[in-house]
Amino acid sequence: GGTLLLAGAVERRSLMVWPCSFHADLPPPLQLLSHAVSENGKPLEEPMDIIVTVTDQNDNKPQFTQEVFRGSVMEGATPGTSVMEVTATDADDALESYNGVVAYSIVSQVPAEPEKQMFAINRGTGVISVIASGLDRERVQEYTLVLEATDLDGKGLTTRGSAVIKIDDANDNAPQFSPSVYMAEVAENEADVEVTRLSVTDMDEAGSTAWRAVYTIVQGDEGGFFRISTDSESNEGILETAKSLDFEAKNQFVLQVAVTNQVPFAVKLPTSIATVTVNVRDVNEAPIFYPPVKTAEVSEDIPLGHEVTVYTAQDPDKMRSQKIKYFMENDRAGWLAIHPESGLITTRAALDRESYLVKNNTYEAVVLAVDDGSPPATGTGTLLLTLWDVNDNGPELERQEVTVCNTEPETQHLRILDKDQPPNTSPFRAKLTNNSDENWAVEMDAQGEVAMLKLLRPLKEDIYSVYFHLLDNQGMGQATVLTATVCECKGQVDRCPGRQAATIGAPAILAILGAILALLIILLLLLLFVRKRKMVKEPLLLPEEDTRDNIFYYGEEGGGEEDQDYDLSQLHRGLEARPEVILRNDVVPTLLPAPQYHPRPTNPDEIGNFIHENLKAADTDPTAPPYDSLLV
């Protein structure tokens, strides 16, 4: 016999897989082929298979598949709620022995509240579940568990791991107003303006749907004057006006506002309510015309100052005592005037229905109403004035010129126009005046709208005036003159054949311009020549013999009888309205308006004023001599 010895340590897990049929979950046995031989190497018997079974030993610790296991559970979860599963592996045999059978346990829980053991782990599967009530994210947001895995079904080798359980937020906290009472003020007539902001606190996770607030106006806004929204950043409620408020209609609103979250409450919770008092501030409002567009009808021939209509406005500020004044704002034709206090509109100029400013018989004007508030407010109203037509326009010929042949002339059809309306228009009548009927004849068509003019006898080629007197259906007449060009032709023509309009060619125009330019140059040279001859230097002062006194007559009583022998008429010489002076030649005179000298008065009592006024005129006279005048 022989002895089979091990040459080295055999690792059960390192054995190769043989092509033999074994249990799928068991390691393959060690299969050897033995030979019996003699000392000299000769085979003694046939080879024999030796099968060696390797028995497993518990020489490996369990190993967790993750360093840290992470899971989550909703706050408020009931006992028995599964949270997560952990796993550990063991390289030893778990089929033929318990060497690879792993058992799980929780060593510790941090924090240990509200209970020391909030979670339990299944010993065999590693599933962690909730075993106690009171999970509250607002109190504990995360738990850390120390886990232990032991082979031999809990009696062998051990290893430790950890699991982190995050507590998910549930909407178990209702938002609360802080404060719950608000006071605000907003001006009337202002829509889409912020009134105030409402603040809330919520213990749920910030930014989550359980934290985001939803505001609702539950009472006090029956007219729909307000709206409220949520600020996405601050979670505040923004209260705004949805439409204009009217102080005179309602000056205060008391609103009840409720707040919830974007998701429903996880448990039954009370809803927080805030009270918002909104006071409406009165402002000066513009007067309002009633109606905003007023219509009136008058005849276009009403006299100046005649009443058209009364157009007034009302002040919506009923709590204020204010006066309203009226003005015409847009009266392009300048036809109307309005009384500043009563709003009575009258005519200040003649109306004209045929004016280009009148459209479809209607004239439009804009009226202003201004109150005396601080600051003043202005309202506008529109006046649509319909003008009745009167027969104030005579008929007119549509054409003012015709061309007629003097042989077999064609009848000229002249349409007659009238700016008035029926019945002040057609049928028209026409007749010739100023002896025009000697050479021409006119008659109307059947409708009375076209005058048919015909040349009675040949006339030499020339331009003639044909005098008409046109009358409308009401007998309104107007004289008009038609220019008729008679041509040496036959039948109908648009212009006289062979006659060419006199035209001036470009060479003729240039010649005319050249002649004008040459004439201007000659006149300029003559002017310079004459001026040069006059520029002779004269002495700065006048000759001594030209110096003379100016003697003015005073109408006062003289001396005694012995003085009456003087001939006082000699003193009156030269007492005209303006003293005769010689022009100065030492300075260039300034161009000033000519002074006004007063004539010598006939009444001696006025001689003082006469001297005073003429002295002032002489002081401003640039042609006066450079020395003073002697007044006696």
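Quick look at the structure, then. Just so we're clear, the structure is a prediction, and the values are computed from it rather than from any experiment.

Some remarks on the side chain of S299
The topology assignment puts S299 in strand β22 (residues 293-299). There is a polar contact of 2.4 Å between the side chain of S299 and the side chain of D301. Once residues lying within four places of it in the same chain are set aside, the contact partners of S299 are L351, W388 and V390.

Let's talk about the sheet that holds strand β31 (residues 401-407)
Whenever strands of a sheet pair, they do so through backbone hydrogen bonds, lying parallel or antiparallel. Strand order across the open sheet formed by four strands is β31-β37-β36-β33, with mixed pairing between neighbours. With one partner strand each, in any of the chains shown, β31 and β33 (429-433) form the two edges of the open sheet. Along the sheet, successive strands turn relative to each other by an average axial angle of 40 degrees, direction set aside. Looking at chain direction, β31 and strand β37 (residues 477-490) are connected through six bridges and run parallel.

What to know about the pattern of salt bridges
Tallying each qualifying case throughout the model produces 16 salt bridges. For E113, the salt bridge identified is with R139, shortest N-O distance 3.8 Å. On the criterion of sequence distance, the pair formed by E113 in the loop between β7 (103-110) and β8 (119-121) and R139 in the loop between β9 (127-130) and β10 (142-150) is long-range, its members being 26 residues apart. Taking relative accessible area as the criterion, R139 reaches 52% and is therefore assigned exposed. A salt bridge links K490 to E408; its shortest N-O distance comes to 3.5 Å. Taken together, the positions of K490 in strand β37 and E408 in the loop between β31 and β32 (412-417) put the pair 82 residues apart, joining distant regions of the chain. Residues joined in a network through salt bridges with shared partners are E194, R197, D231 and E236.

So, helix α3 (residues 607-619)
The terminal C-alpha atoms of α3, which comprises 13 residues, lie 18 Å apart, in line with the 18 Å expected from a rise of 1.5 Å per residue. Every buried residue of α3 is accounted for by I607, F610, I611, N614 and A617. For α3, the arc enclosing every buried residue in end-on projection is 130 degrees, short of the 170-degree limit, so these residues lie on one face.

What about a nonpolar patch on the surface?
Taken together, the side chains of I509, L510, I512, L513, I516, L519, L520, I522, L523 and L526 make up a nonpolar region of the molecular surface, amounting to roughly 980 Å² of accessible area. On the secondary structure map, I522 appears in helix α2 (residues 506-534). Overall, the relative accessible area of 47% leaves I522 in the partly exposed class.

Quick look at the environment of W211
Along the chain, W211 turns up in the loop between β15 (200-201) and β16 (213-219). Exposure remark for W211: the relative accessible area of 16% places this residue in the buried category. Once the C-alpha coordinates of W211 and A174 are considered, the two residues, 37 residues apart in sequence, prove to be 8.6 Å apart. If sequence neighbours within four positions are ignored, W211 has contacts with D202, D204, E205, A206, N235 and N261.

A closer look at the state of the cysteines
Under the definition given, this model contains two disulfides. There is a disulfide in this structure between C405 and C489, and the S-S distance comes to 1.9 Å. Between C405 and C489 the sulfur-sulfur dihedral comes to about -105 degrees; the bridge is accordingly left-handed. Of this pair, C405 sits in strand β31 while C489 sits in strand β37, and the two are 84 residues apart along the sequence. For C405, a relative accessible area of 1% puts it in the buried group. Put simply, C487 and C496 are joined by a disulfide, and their sulfur atoms are 1.6 Å apart. Handedness of the C487-C496 disulfide follows from its S-S torsion of about -70 degrees: it is left-handed. Here C487 and C496 have matching classes, each one buried. If one numbers only the bonded cysteines of the chain, in the order they occur, the disulfide pattern is 1-3, 2-4.

Comments concerning the sheet that holds strand β5 (residues 82-85)
The strand order β5-β9-β8 describes an open sheet built from three strands, whose pairing is antiparallel. This sheet does not close on itself; its edge strands, each paired only once, are β5 and β8. When the angles between neighbouring strand axes are averaged without regard to direction, this sheet yields 25 degrees. Where β8 lies against β9, three bridges are found, and the strand directions are antiparallel. Paired with A120 across the strands is S129, a residue of β9.

So, the side chain of T347
Within the element layout of this structure, T347 appears in strand β27 (residues 344-347). Given the relative accessible area of 3%, T347 is considered buried. Leaving out residues up to four positions away in the same chain, T347 has contacts with I302, P303, L304, G305, H306, V308 and W335.

Quick word on the packing of aromatic side chains
Summed over all chains, the structure comprises nine aromatic pairs. Taken together, a centroid distance of 6.1 Å and an interplanar angle of 70 degrees make the contact between F64 and F69 edge-to-face. Accessibility assignment for this pair places F64 and F69 in one class, buried. Ring centres 6.0 Å apart and planes at 50 degrees place the aromatic pair F177 and Y215 in the tilted group. In this pair, F177 is assigned in strand β12 (residues 176-177) and Y215 in strand β16, connecting sequence segments 38 residues apart. For the pair shown, F177 and Y215 are each scored as buried.

The rules behind these values
- Residues numbered from 1 in each chain as written.
- Predicted model: local features only at pLDDT ≥ 70, side-chain atom pairs only at ≥ 80, totals over all residues.
- Heavy atoms only, no water.
- Helix = DSSP H or I, 4+ residues; strand = E, 2+ residues; numbered from the N terminus.
- Polar contact = N/O pair within 3.5 Å; in protein donor to acceptor, adjacent residues only side chain to side chain.
- Contact = heavy atoms within 4.5 Å.
- Pairing = 2+ DSSP bridges.
- Axes fitted to C-alpha atoms, helices over the stretch in contact; angles between N-to-C directions.
- Salt bridge = Lys/Arg side-chain N within 4 Å of Asp/Glu carboxyl O.
- Buried < 20%, exposed > 50% of the residue type's maximum accessible area, 1.4 Å probe, protein only.
- Expected span 1.5 Å × (residues − 1).
- Arc of directions from axis to C-beta.
- Patch = residues over 30% accessible without salt bridge, like charges linked within 9 Å, V, L, I, M, F, W, Y side chains within 5 Å.
- Areas by Shrake-Rupley, 256 points an atom, 1.4 Å probe, with all protein chains shown as cover.
- Disulfide = S-S within 2.5 Å.
- Phe/Tyr/Trp six-rings, centres within 6.5 Å; stacked < 30°, edge-to-face > 60°.

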